[in-house]
Amino acid sequence: MDERVREHAAVLVDWSARVEDGDDVVLVTGPDAHDLAVAVAEALGERGANLLTMYSSGEIKRAYLRTHDGDFDESPEYERLLFERADVVLSLGGGRNTSATADVPGEIRQAYSSARSDIREARLDTRWISTVHPTRSLAQQANMAFEAYQDFAYDAILRDWESLAEEMAQLKALLDSGSEVHLVSTGTDLTMRIDGRTAVNSAASVAYDSHNLPSGEVFTAPHATEGEVTFDVPMTLHGESVRNVRLEFESGAVVDYDAEQGEDVIAEILETDDGARRLGELGIGMNRGIDRYTDNILFDEKMGDTIHLALGRAYDANLPDGESGNDSAIHVDLITDVSEDSRLEIDGEVVQRNGRFRWE
């Protein structure tokens, strides 16, 4: 086994999930994440955790959804209780086909997602972490040789997370004290209110309210969004390519949209529910170990010189106790490149220009 796989597992278990002796852990693994699953199981055994493993396959999900009539039971109790009683959920991405569910009808996907809201909330109440094992399918999606993709992935994952957390704390402080964000770039002139929100220093650990590995972003939950934004980073959503998406906001909601490619996917997302037309996240990428787009949101949204906005659900970590943010069955990130002809302002002060922060 590549020693970096065991390093990845150690970071996941110790730094990210903070697993302790006696923790009940659900390990959800993709078909081609076998080596990482083995290394994680070793680490969990060494730390005295309890382990239950689940198998997650896009091809199995496709087979189920394509034959179902769409009348799904609301958050079946047997699955909901599993996550309600778990302390930690570790999800290891590593499928054989990144577009396995591309031909599942949109209305079936929407119904399935909506019916699982309580299961989703139960999982989000655990110390959950999502990561990926570098696989050949992900390398192919990134248009990279497998060995080169492995190097890329581990450069992003095996970081000095404490040092990066200290750097990102500077941006968190500015967002926490700010009231309005203004983003300007080619095709974008957007304002968002952030007062009353708490930014998350997403340093790949539950100790920072961060749930992705790799991570390396600072994010908050905007509201009262006005203006338009263009997302020029290509990506795959629901198994289809999406390019150059434009959204126009009035009174916080999307009132118009178009896309050079994948406009039908954007329409499907926006029609999921009322909350799907509003933003749940403003995220600013700061992981400079990610130096290229790979058509994988887990990496691409963390890349330095990018900003992403998510349609749908807001995270509780950004909200005051007792306050509900934007609610939706979906949380879909879209990315814009801010490396040229751009600026990010907080309360009129330029914090980032052309991808570089004022302290860099």
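Right above here is the structure, for reference.
Per chain, residues are indexed from 1 in the order of the written sequence. Reporting in this predicted model follows two pLDDT cut-offs: at least 70 for local features of residues, and 80 or more for side-chain atom pairs to be given and counted; totals over whole chains, interfaces and linings ignore these cut-offs and use all residues. Just so you know, side-chain values use all the structure's heavy atoms and leave hydrogens and water out.

Enquirer: Help me understand the nonpolar core in this model?
Expert: Where a protein is soluble and globular, its nonpolar side chains tend to be buried together. Only buried residues count toward a nonpolar core. Its members are Ala, Val, Leu, Ile, Met, Phe, Trp, Tyr and Cys residues joined through side-chain atoms within 4.5 Å. Only protein chains enter the accessibility calculation, which uses a 1.4 Å probe; a residue is then buried when its area is under 20% of its type maximum, exposed when over 50%, and partly exposed in between. Membership of the largest hydrophobic core comes to 85 residues, with the highest contact counts inside it found for Val40, Leu247, Phe299 and Leu311. For this core, the leading source of residues is helix H8 (residues 146-157), giving seven residues. Note on contacts: a residue pair is in contact if any heavy atoms of the two residues lie within 4.5 Å. Not counting residues within four places of it along the chain, the set of residues in contact with Val40 comprises Ala9, Leu12, Val13, Leu27, Leu90 and Leu92. Membership of the second largest hydrophobic core comes to nine residues, among which are Ile119, Ala122, Leu124 and Trp128. Each helix is a run of H or I in the DSSP string that is no shorter than four residues. Each strand is a run of E no shorter than two, and both are numbered from the N terminus.

Enquirer: Quick question: what am I supposed to make of the pairing of strand E15 (residues 306-312) here?
Expert: The two faces of a sheet get side chains in turn, since along a regular strand they alternate between them. In terms of burial, E15 is largely enclosed, as seven of its seven residues are buried. In short, DSSP must find at least two bridges between two strands for them to pair. Strand direction decides the pairing type here: strand E14 (residues 279-285) and E15, joined by five bridges, are antiparallel. Bridge pairing in E15 links Leu282 to Leu309. Pairing between E15 and strand E16 (residues 331-337): seven bridges, direction antiparallel. From the neighbouring strand, Ala310 faces E16, where its bridge partner is Asp333.

Enquirer: Mind showing me how you'd approach the sheet that holds strand E1 (residues 24-29) here?
Expert: Within a sheet, adjacent strands bond to each other through the backbone by hydrogen bonds, running parallel or antiparallel. One open sheet holds the five strands; their spatial order is E2-E1-E3-E4-E8, and the pairing between them is parallel. Only two strands of the sheet have a single partner each, and these edge strands are strand E2 (50-55) and strand E8 (212-213). In this sheet, strand E3 (residues 88-93) lies alongside E1 in parallel orientation, the contact comprising five bridges. Bridged to Leu27 within E3 is Leu90.

Enquirer: I tried to follow the pairing of strand E18 (residues 349-353) on my own but got confused; where do I start?
Expert: One ladder, built from four bridges, connects strand E17 (residues 343-346) with E18; its direction is antiparallel. Considered in E18, the bridge of Arg343 is made with Arg353. Both E18 and strand E19 (residues 356-357) contribute to a ladder of two bridges, which runs antiparallel. Along E19, the bridge assignment pairs Gln352 with Phe357.

Enquirer: Sorry if this is basic, but what is going on with the packing of helix H4 (residues 77-84) against helix H6 (residues 117-124) here?
Expert: When two helices pack together, their arrangement is given by the angle between the helix axes and the distance between those axes. Between H4 and H6, the least distance of the axes is 8 Å, while the angle of their chain directions is 15°. One way to sum up the angle between H4 and H6 is to call them roughly parallel. The handedness of the crossing between H4 and H6 comes out as left-handed. Touching Glu79, Arg80, Phe83 and Glu84 of H4 are Asp118, Ile119, Ala122 and Arg123, all from H6. Residue classes follow a fixed rule: Ala, Val, Leu, Ile, Met, Phe, Trp, Tyr, Cys and Pro count as nonpolar, while Asp, Glu, Lys and Arg count as charged, and any other residue, Gly among them, counts as polar. Here the contact of H4 with H6 is built from residues that sort into three nonpolar, no polar and five charged. Lines fitted to the C-alpha atoms define the axes, with helices restricted to the stretch that makes contact. Angles between their N-to-C directions range from 0 to 180 degrees. By the definition adopted for this analysis, an angle is roughly parallel if under 35 degrees, roughly antiparallel if over 145, roughly perpendicular if from 65 to 115, and oblique otherwise. Left-handed is the label given to a crossing in which the near helix is rotated counterclockwise from the far helix by less than a right angle, and right-handed is the label when the rotation is clockwise.

Enquirer: Help me understand the packing of aromatic side chains, please; the structure alone is not making it clear to me.
Expert: Two aromatic rings are characterised by how far apart their centres lie and by the angle between their planes. Between 30 and 60 degrees the pair is tilted, below 30 it is stacked and above 60 it is edge-to-face, where a pair is any two Phe, Tyr or Trp rings, Trp via its six-membered ring, whose centres lie within 6.5 Å. In total, this model carries nine aromatic pairs according to the counting rule given. Seen from their ring centres, Tyr64 and Phe72 are 6.1 Å apart, and the 50° between their planes marks the pair as tilted. Taken together, a centroid distance of 5.2 Å and an interplanar angle of 65° make the contact between Phe72 and Tyr112 edge-to-face. Placement of the pair is Phe72 in the loop between helix H3 (58-67) and H4 and Tyr112 in helix H5 (residues 106-115), with a sequence separation of 40 residues.

Enquirer: Please explain the environment of Ala33 as it appears in this structure.
Expert: Looking at the secondary structure, you find Ala33 in the loop between E1 and helix H2 (34-46). For Ala33, a relative accessible area of 0% corresponds to the buried category. The spacing of Ala33 and Val132 is 99 residues in sequence and 7.5 Å in space, taken between C-alpha atoms. The residues touching Ala33, leaving out its near neighbours within four places in the chain, are Leu92, Gly93, Gly94 and His133.

Enquirer: Mind showing me how you'd approach the sheet that holds E15 here?
Expert: With respect to topology, five strands assemble into an open sheet ordered E7-E9-E14-E15-E16, the strand pairing being antiparallel. Each edge of the open sheet is held by one strand with a lone partner, namely strand E7 (200-202) and E16. Strand-to-strand twist across the sheet, computed as the mean angle between neighbouring axes with direction ignored, equals 25°.

Enquirer: How should the environment of Asp73 be read in this particular structure?
Expert: Structurally, Asp73 is set in the loop between H3 and H4. Spatially, the C-alpha atom of Asp73 lies 32 Å from that of Val19, the residues being 54 residues apart in sequence.

Enquirer: Hey, could you run me through the environment of Asp160 in this one?
Expert: One can find Asp160 in the loop between H8 and helix H9 (161-177). The exposure class of Asp160 is partly exposed, given its relative accessible area of 48%. In this structure the C-alpha to C-alpha distance between Asp160 and Ala203, which are 43 residues apart in sequence, comes to 9.8 Å.

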